[in-house]
Amino acid sequence: MSKKTLVLGASTKPSRYSYVAIKRFLEKDIEVRAIGLRNGSVGPVPIETDKPDFKDIDTVTLYLNPRRQTEYYNYIISLKPKRVIFNPGAENDEFVALLTENNIKAEVACTLVMLSVDAY
């Protein structure tokens, strides 16, 4: 089963968790897409700055604080992912409620930990 993942809040800075997550997805052969504030890339993965109509996204993993998430609510819901992961610092009860109303699973978890223990 595909776990194509969208990293929202992607960065080209190696010290950022979103950067590390993209690298780990690549190491585990998980197809990954990325959206961030600035164009760039992490390895072969381009970082988009708009809201592309990605197809077949299984998971969205958030590296944005709750204030920055609001502009993406409708976009993420329109992608119809199976789940959205709220990484530490991204927890957002309002968005969790919206996702639940739209039958999208919300998980408060750390993507990097999930990947490291094969629980992704």
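Residues numbered from 1 in each chain as written. Predicted model: local features only at pLDDT ≥ 70, side-chain atom pairs only at ≥ 80, totals over all residues. Heavy atoms only, no water.

Asker: Can you walk me through the side chain of N87 in this structure?
Answerer: With respect to the helices and strands, the residue N87 is situated in the loop between strand 6 (83-86) and helix 4 (93-101). A polar atom in the side chain of N87 sits 2.6 Å from the side chain of T61. A polar contact of 2.8 Å, which involves the side chain of N87, links it to the backbone nitrogen of T111. Leaving out residues up to four positions away in the same chain, N87 has contacts with T61, L62, Y63, A109, C110 and T111. (Helix = DSSP H or I, 4+ residues; strand = E, 2+ residues; numbered from the N terminus. Polar contact = N/O pair within 3.5 Å; in protein donor to acceptor, adjacent residues only side chain to side chain. Contact = heavy atoms within 4.5 Å.)

Asker: Got a minute to help me understand helix 1 (residues 17-27) in this structure?
Answerer: Given 3.6 residues per turn, any residue in an α-helix points the same way as the ones three and four places further on. Among the residues of helix 1, S18, Y19, A21, I22 and F25 are the ones counted as buried. Viewed end-on, helix 1 has its buried residues packed into an arc of 160°, placing them on one side of the element. Of the residues in helix 1, the exposed ones pointing more than 90 degrees away from the buried face are Y17 and E27. For helix 1, the secondary structure elements touched by its buried residues are strand 1 (5-10), strand 2 (32-36), strand 3 (40-42), strand 4 (45-48), strand 5 (59-62) and helix 5 (111-116). Following helix 1 by one or two positions, D29 adopts a phi angle in the positive range, close to 55°. (Buried < 20%, exposed > 50% of the residue type's maximum accessible area, 1.4 Å probe, protein only. Arc of directions from axis to C-beta.)

Asker: What's the story with the packing of aromatic side chains in this structure? I'm lost.
Answerer: Geometry of an aromatic ring pair is reported as the spacing of the ring centres plus the angle between the planes. Under the criterion given, the structure shown has three aromatic pairs. Summarising the aromatic geometry, the rings of Y73 and F95 are spaced 4.3 Å apart at their centres and angled 15° between planes, so their arrangement reads as stacked. Separated by 22 residues along the polypeptide, Y73 in helix 3 (residues 73-79) and F95 in helix 4 bring together distant segments of the chain. Overall, the relative accessible area of 8% leaves Y73 in the buried class. (Phe/Tyr/Trp six-rings, centres within 6.5 Å; stacked < 30°, edge-to-face > 60°.)

Asker: Would you take a moment to explain the pattern of salt bridges for this structure?
Answerer: Side chains carrying opposite charge are able to pair once their charged atoms draw close together. One pass over the full model with this rule turns up seven salt bridges. Of the charged contacts in the structure, one is a salt bridge between E31 and K4, with a shortest N-O distance of 3.8 Å. Remark: K4 occurs in the segment before strand 1 and E31 occurs in the loop between helix 1 and strand 2; sequence separation between them is 27 residues. Among the ionic pairs, D53 bridges to K55, the shortest N-O distance being 2.7 Å. Exposure remark for D53: the relative accessible area of 59% places this residue in the exposed category. When salt bridges that share partners are traced, they join K4, E31 and R33 into one network. (Salt bridge = Lys/Arg side-chain N within 4 Å of Asp/Glu carboxyl O.)

Asker: Can you help me understand unusual backbone geometry in this one?
Answerer: For residues that are not glycine, phi is negative in most cases, and the peptide bond is trans in most cases. We note that D56 has phi near 60°; this positive angle belongs to a residue other than glycine. With respect to the element layout, D56 can be found in the loop between strand 4 and strand 5. Even without glycine at this site, D118 takes up a positive phi of about 55°. Structurally, the position occupied by D118 is in the segment after helix 5.

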